[in-house]
Each structure stands twice: as structure tokens, then as C-alpha cells.
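# Chains, contacts and geometry: an overview
The lines below spell out each chain.
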Amino acid sequence: MQEKLQALQTEALEHVEQAKTLADLQNVRVSYLGKKGPITEVLRGMGKLSPEERPVIGELANKVREAITEALDTKKQNLEEAALNEQLKSETIDVTLPGRPVQVGGSHLLTDIVTEIEDLFIGMGFEIKEGPEVETDYYNFEALNLPKDHPARDMQDSFYITEELLLRTHTSPVQARTMGEYKGNKPVKMICPGKVYRRDTDDATHSHQFTQVEGLYVDKDVRMSDLKGVLNQFAKQFFGEEREIRLRPSFFPFTEPSVEMDISCKVCHGEGCSVCKKTGWIEILGGGMVHPDVLEMAGYDPEVYSGFAFGMGPERIAMLKYGVDDIRHFYTNDVRFLKQYHQA
Ligand code: DAH
């Protein structure tokens with residue numbers, strides 16, 4: 001019996017030694033120390049032994065069990081440690097490696113231009129206003145001195161939604177809306193950037209949707225010279241100190257008198273070249289003194305108040321400033337085009 005126990009111990013320790021995983025080890029534990037294992041069997045059979053043999057075998061069986069248990073525990077610890085080391089090794093991060101570059105988007109050229117225009121006018125005391133892109137016929141036309149069947153409505157082919165609703169063809173309705181909001185008794189000094197829509201066929205200089213920035217200044221004693229001063233300041237800050245402006249008579253139903261503003265050509269400085277079509281000047285916006293009827297419809301007494309207004313197209317301005325040759329570049333969003341202008 002004693003040899004059998006000794007042999008069991010040797011065999012068990014060998015199996016412990018050979019175990020490669022925690023699962024193997026658990027199998028060894030069950031097969032030697034489990035309820036149906038050989039040691040338990042020996043201990044169970046103690047009753048059949050002689051009184052002299054009993055303590056000797058009992059003690060030996062316990063020792064064998066302890067030895068196996070100890071070997072199992074040690075091996076378990078070793079296996080666990082090895083598994084942990086393995087895991088730590090596979091999860092090590094080399095903190096000295098350079099990071100992967102993250103692709104960051106940037107603001108659109110048009111957004112940058114509008115922001116720049118906004119900043120310049122904010123610097124001159126203008127506030128920023130917004131208006132709806134789906135506009136009523138009243139604000140888009142009538143409140144701007146363009147009654148139904150007025151021929152000048154044809155200047156802007158429109159996308160109608162219903163008889164009375166359309167996609168605004170310009171940002172000028174925000175003039176009427178803001179004056180209405182100020183109830184005819186406060187000065188108004190605002191610009192309104194936003195999207196506008198026209199039934200045009202897209203080509204290098206036309207887009208069915210584009211951007212405008214509207215400007216309006218209404219107060220007591222506002223004069224044409226104020227308009228000229230503000231626009232001159234804007235042109236010089238935006239395009240450069242060396243640029244000259246000139247105002248030409250024009251016609252808009254909502255201003256009287258009306259003007260178009262040109263800036264001197266930056267390529268030929270007024271000499272005449274292909275960029276300015278040999279004139280030395282490039283048209284950049286329309287404006288004028290707010291028509292008395294427009295003031296009156298919005299609740300301002302034209303005997304007391306006067307004002308100027310203007311409207312410009314940031315796409316055209318960006319095209320002039322950066323030499324972009326096709327308005328569609330702003331909307332087809334080829335990243336190679338946009339990246340060139342990103343000033344991040
Ligand atoms: N609304 C005009 C257009 O879309 C631009 C314009 C001209 C706006 C004269 C004005 C203005 O405020 O006074 O062509």
C-alpha cells in the first residue's frame with residue numbers, strides 16, 4: 001500500500017509538471033484528488049486495514065495529498081503568472097511611436113469669405129441678421145417696390161413653391177423684415193449673409209443657388225456719401241489699400257438713386273486687361289439710397305429717415321480675390337480645390 005501511494009505521488013507530480021494550461025491542471029486535480037480519485041479511495045478503505053497499519057497509511061496518504069495539492073497550487077500560480085506576462089507582452093504599447101496623422105476638415109472657402117466680410121462690417125458697427133430662404137412674395141418683391149406684374153421681377157427668375165411662396169431670389173427681403181422688426185423708430189445697421197436661388201442654367205458664372213450679403217443702414221441723415229465711405233472702406237480692407245472704387249448710375253426698384261460699384265482691376269491697375277475686359281474696372285456690387293416707398297412700407301417716415309442699401313455676391317468676390325474661374329467650384333466641393341484656399 002505504501003509503495004502504491006508513493007507511486008501515485010510520483011505519477012501525479014509528473015502530470016502536474018506536464019500540465020500546460022490551467023484546464024490541464026484542473027484535470028490533474030480532479031483525477032488525483034477528486035471524490036473518485038485514488039487517494040480518496042485509499043482513505044475510504046482505511047477501515048479495512050489493521051489497527052497498526054491504519055495510522056501509518058493514513059499519515060502517508062495525507063502527506064501524499066498535501067504534496068500533490070502543493071504542487072498543483074505552485075503550478076497554478078506559475079501558469080497564471082505566465083499567462084499574465086503573455087497578455088502584458090501582447091498588449092504593450094510603444095509610446096515612443098509617432099502618432100498617426102488625423103485628417104481634419106476645414107471651413108469652406110465661401111464660409112471664410114463670408115466670415116471675413118462679416119468681420120469687416122461688424123468693425124463698422126453693423127449687426128448680422130438672418131432671414132428665411134423660403135420667402136413670401138410680399139417680402140421678396142412687394143415690400144421692395146416690386147408690385148405684382150412689375151417688369152423688373154423678370155430680372156430675377158424665381159423658383160416658386162406656391163403663388164405666394166418662393167425661394168428668395170436675393171437677400172434684400174431681410175431689409176424689409178429688419179425694418180419691420182424695428183418698427184419705424186430705431187436706426188437699422190445690419191448686414192445679412194445667406195443663400196439665394198434663381199432659375200438660371202448653371203455655367204461658369206451662373207449658379208441656381210449662390211450667396212449674397214445684403215447691407216442696410218437707415219437713420220436720420222444718412223447720405224450717399226455715407227454709402228460711398230462705407231463701401232470704400234470695405235473695398236480697401238478686403239481687396240487692398242491700393243484699390244480704387246467708383247460708383248456708376250444703375251437701376252434697382254428698391255433704391256433711388258441706384259448705383260453699381262466697381263473696383264479698380266488688380267491685374268492692370270486701371271490700364272485695361274483681359275480680366276477687366278479692357279475697362280480697368282470690375283463690378284462687385286449693387287446699391288443705392290433706400291427708395292422712400294420701401295422705407296414707408298416698412299414703417300419708416302421717409303421725411304425723417306433715410307438710408308442706403310447694397311448687395312454683393314461673395315462667390316464673385318472670392319473669384320476676383322483668388323482668381324477662381326468657375327463658380328461651380330464652390331459647390332462641386334472637390335477637396336483638391338478647397339484645400340488650396342484653406343487658411344487653417
Ligand atoms: N438685390 C439685388 C440683386 O440681387 C442686389 C442689390 C442691389 C441689393 C441694390 C441692394 C441694393 O440692397 O440696394 O441683384
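Just above, that's the structure.
What comes next concerns the included structure. (Residues numbered from 1 in each chain as written. Predicted model: local features only at pLDDT ≥ 70, side-chain atom pairs only at ≥ 80, totals over all residues. Heavy atoms only, no water.)

## With respect to the environment of lysine 228
Formally: Secondary structure elements follow DSSP: runs of H or I of four or more residues count as helices, runs of E of two or more count as strands, with numbering from the N terminus. The cut-offs for exposure are 20% and 50% of the maximum accessible area for each residue type, with area from a 1.4 Å probe on protein chains only; residues under the lower value are buried, those over the upper are exposed, and the others partly exposed.
As for its position among the elements, lysine 228 is in helix 8 (residues 224-239). Look at lysine 228 and you get partly exposed, because its relative accessible area is 42%. Expressed as a C-alpha distance, the spacing of lysine 228 and serine 90, which sit 138 residues apart in the sequence, is 72 Å.

## Things to note about the site of the ligand
For the record, the criterion: If even one non-hydrogen atom of a residue comes within 4 Å of a molecule or strand, that residue is called near it. We call two N or O atoms a polar contact when they sit within 3.5 Å, provided that within protein one can donate a hydrogen and the other can accept it, with sequence-adjacent residues counted only if both atoms are side-chain atoms. Using a 1.4 Å probe, the Shrake-Rupley method yields the accessible areas, and only the shown protein chains count as cover for residues. Asp, Glu, Lys and Arg are counted as charged, while Ala, Val, Leu, Ile, Met, Phe, Trp, Tyr, Cys and Pro are counted as nonpolar; the rest, among them Gly, fall into the polar class.
The ligand sits among 16 residues. The nearest are His170, Gln175, Arg198, Gln212 and Glu214. Between the ligand and serine 172 there is a distance of 3.0 Å, counted from a nitrogen atom to a side-chain nitrogen or oxygen. Taking arginine 198, its side chain carries an N or O atom lying 2.7 Å from an oxygen atom of the ligand. Calculation on the ligand without its partners gives an accessible area of 350 Å², and the protein chains cover 91% of this total. Contributing elements (two or more residues each) for the shell around the ligand: strand 5 (209-219), strand 8 (281-290) and strand 9 (306-312). When the residues that make up the shell around the ligand are grouped by side-chain class, the tally is four nonpolar, ten polar and two charged.

## A word on the pattern of salt bridges
Opposite charge on two side chains permits pairing when their charged atoms draw close. The condition is simple: The term salt bridge refers to a side-chain nitrogen of Lys or Arg lying within 4 Å of a carboxyl oxygen of Asp or Glu.
In the structure shown here, the tally under the stated rule is 17 salt bridges. Ionic pairing is found between aspartate 262 and arginine 246, a salt bridge with its closest N-O pair at 2.9 Å. Here the residue aspartate 262 occupies a position in strand 7 (residues 255-264), and arginine 246 occupies one in strand 6 (residues 245-252), the gap between them amounting to 16 residues. One salt bridge in this structure joins aspartate 326 and arginine 328, with 2.9 Å as the shortest N-O distance. According to the relative accessible area criterion, aspartate 326 is buried, its value standing at 15%. Residue classification places arginine 328 among the partly exposed positions, given a relative accessible area of 35%. By sharing partners, the salt bridges in this structure join Asp137, Glu142, Lys148, Arg153 and Glu164 into a single network.

## So, the pairing of strand 4 (residues 188-197)
Heads up, the rule is: When DSSP finds two or more bridges between two strands, those strands count as paired.
A large share of strand 4 lies buried, amounting to eight of its ten residues. With two bridges connecting them, strand 1 (residues 127-128) and strand 4 associate as parallel partners. Paired with isoleucine 128 across the bridge in strand 4 is isoleucine 191. Two elements, strand 4 and strand 5, share ten bridges in a ladder whose sense is antiparallel. Bridging from a neighbouring strand, isoleucine 191 pairs with glycine 215 of strand 5.

## Things to note about the pairing of strand 7
Burial analysis of strand 7 places eight of its ten residues in the buried class, which makes it a mostly covered element. When strand 6 meets strand 7, the two strands line up antiparallel, connected through seven bridges. Within strand 7, the position partnered with phenylalanine 252 by the bridge is threonine 255. What sits between the antiparallel neighbours strand 6 and strand 7 is a turn of two residues. In this structure, strand 7 lies alongside strand 8, joined through eight bridges in antiparallel fashion. Within strand 8, the residue paired with threonine 255 across the bridge is valine 290.

## Quick notes on the packing of helix 5 (residues 109-123) against helix 10 (residues 314-322)
To be explicit about the condition: Here the axes come from fitting lines to C-alpha atoms, over the contacting stretch only for helices, and the angles between their N-to-C directions go from 0 to 180 degrees. Angles below 35 degrees are treated as roughly parallel, those above 145 as roughly antiparallel, those between 65 and 115 as roughly perpendicular, and all remaining angles as oblique. Residue contacts are defined here by distance: any two heavy atoms, one from each residue, within 4.5 Å place the two residues in contact.
The interhelical angle for the contact between helix 5 and helix 10, taken along N-to-C directions, is 100°, at an axis separation of 10 Å. Relative to helix 10, the element helix 5 lies roughly perpendicular. Each of Leu109, Leu110, Ile113, Val114, Glu116 and Ile117 in helix 5 lies in contact with helix 10, whose residues at this interface are Pro314, Glu315, Ala318, Lys321 and Tyr322. For the contact of helix 5 with helix 10, the residue count by class is eight nonpolar, no polar and three charged.

## Side note on the nonpolar core
Put simply, the test is: By nonpolar core we mean a set of buried residues, namely Ala, Val, Leu, Ile, Met, Phe, Trp, Tyr and Cys, connected to one another through side-chain atoms within 4.5 Å.
The biggest cluster of nonpolar side chains holds 43 residues, and the ones touching the most others in it are Phe121, Phe234, Phe308, Phe310 and Met312. At the level of elements, helix 5, strand 5, helix 8, strand 7, strand 8, strand 9, helix 10 and helix 12 (335-341) are the ones that each hand at least two residues to this core. For this core, the element with the highest residue contribution is helix 8, accounting for seven residues. In contact with phenylalanine 121, not counting residues within four places along its chain, are Phe126, Ile191, Val230, Phe234, Phe310 and Met312. Counting residues in hydrophobic clusters, the runner-up holds 22 residues, among them Val174, Met179, Tyr182 and Val290.

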